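# Architecture at a glance
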Amino acid sequence: MLTQNLPEYWERLYSSGKDYWDQKAFTPALEEFLASKLYPAKGSVLVPAAGRGYDAALWAEKGHETLAVDFCPTAVDALDSLGRTTENLKALDLDIFELSPDDDKKCGQTFDIIYDYCCFTAIHPGRRDELIEMWQRMLNPEGVIVAFFYPLTNGDTMDGPPHCTSEGELHARLGGIFDVVDTFIPTTSIEDRKDKEQIWILKKCEE
Ligand SMILES: C[S@@+](CC[C@H](N)C(=O)[O-])C[C@H]1O[C@@H](n2cnc3c(N)ncnc32)[C@H](O)[C@@H]1O
């Protein structure tokens, strides 16, 4: 059986038109965030599980050196062609859990900003701590995570992906690793995500 840990799982959704998450355009709530006072206006950006890369391209168009990572052929093809026409945008075909700052084949650098939208929610919930470890190793010491948590349902469950989360779960997983330095509640969420998503800004805890 295919699981969401495998690129084939995602490829089947893309190729059968079941890529329900794909809005064919950047996320309006990201544009709203980038116009807010919380926007980190400078720095390199890592976008794990970038899909077709509309949001990654928006960061790049704002002037950020941006690396978009995915492991599914349809997504990687889309990212490659976007990278050819978008200044500052590069694509990497890799499992995000393999990202490494020390290995050039697996990225080979750290970032000032990591942007997560529909990555935390797409991976199996049993791998969430592993994802947070990846954020930790790929982020510069003074860097920020811009994490778009969705569906943030605080109690209701739903089969995933998307897999829901709650404020309690997030604080439990992040505690002692990342501090929540700000939250941003968008007003421009797409209809079926309204009131179910928040952007949390995270910084590494002081050692
Ligand atoms: C629900 S889509 C979200 C795409 C994009 N972030 C968006 O919001 O449109 C999830 C994406 O994550 C990718 N993905 C899932 N697990 C991954 C992994 N371990 N490594 C790399 N990409 C992964 C899938 O291929 C798919 O493109």
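Our structure's up above, just so we're on the same page.
Residues numbered from 1 in each chain as written. Predicted model: local features only at pLDDT ≥ 70, side-chain atom pairs only at ≥ 80, totals over all residues.

### Regarding the sheet that holds strand E6 (residues 178–184)
- Taken in spatial order, the 7 strands make up an open sheet running E3-E2-E1-E4-E5-E7-E6, and their pairing is mixed. Of all strands in the sheet, those with a lone pairing partner are strand E3 (89–93) and E6, marking the two edges. Across the sheet, the mean angle from the axis of one strand to that of its neighbour is 20 degrees, orientation sign disregarded.
- Contacts from helix H4 (residues 73–85) reach strand E2 (66–70) and E3, with the element oriented near 155 degrees to E3. (Pairing = 2+ DSSP bridges. Helix = DSSP H or I, 4+ residues; strand = E, 2+ residues; numbered from the N terminus. Axes fitted to C-alpha atoms, helices over the stretch in contact; angles between N-to-C directions. Contact = placed C-beta atoms within 7 Å.)

### Considerations on the environment of Pro 186
- Secondary-structure assignment places Pro 186 in the loop between E6 and strand E7 (198–204).
- Since 20 C-beta atoms lie within 10 Å of it, Pro 186 is described here as buried.
- Sequence separation between Pro 186 and Glu 32 is 154 residues; the distance between their C-alpha atoms is 7.1 Å. (Buried ≥ 20, exposed ≤ 12 C-beta atoms within 10 Å, placed from the backbone.)

### Things to note about the site of the ligand
- The environment of the ligand is made up of 19 residues, and the closest members are Trp 10, Ala 49, Gly 51, Cys 72 and Cys 118.
- Residue composition of the shell around the ligand, grouped by class: 15 nonpolar, 1 polar and 3 charged. (Near = placed C-beta within 6 Å. Nonpolar A, V, L, I, M, F, W, Y, C, P; charged D, E, K, R; others polar.)

### Details of the pairing of E2
- Taken across its 5 residues, E2 has 5 buried, putting it largely inside the fold.
- Here strand E1 (residues 45–48) runs beside E2; their pairing, made up of 4 bridges, is parallel. Its bridge partner lying in E2, Val 45 is registered against Thr 66.
- Between the parallel pair E1 and E2, the chain is carried across by helix H3 (residues 54–61), and the sense of this crossover is right-handed. (Right-handed = clockwise from strand over helix to strand, strands pointing away.)

### Points about unusual backbone geometry
- With omega at -15 degrees, the peptide bond leading from Tyr 150 into Pro 151 counts as cis.
- Note on placement: Pro 151 falls in the loop between strand E5 (139–149) and helix H6 (167–174).
- One non-glycine residue, Asn 88, adopts positive backbone phi at about 75 degrees.
- Mapping Asn 88 onto the fold places it in the loop between H4 and E3.
- A count of 18 C-beta atoms within 10 Å places Asn 88 in the partly exposed class.

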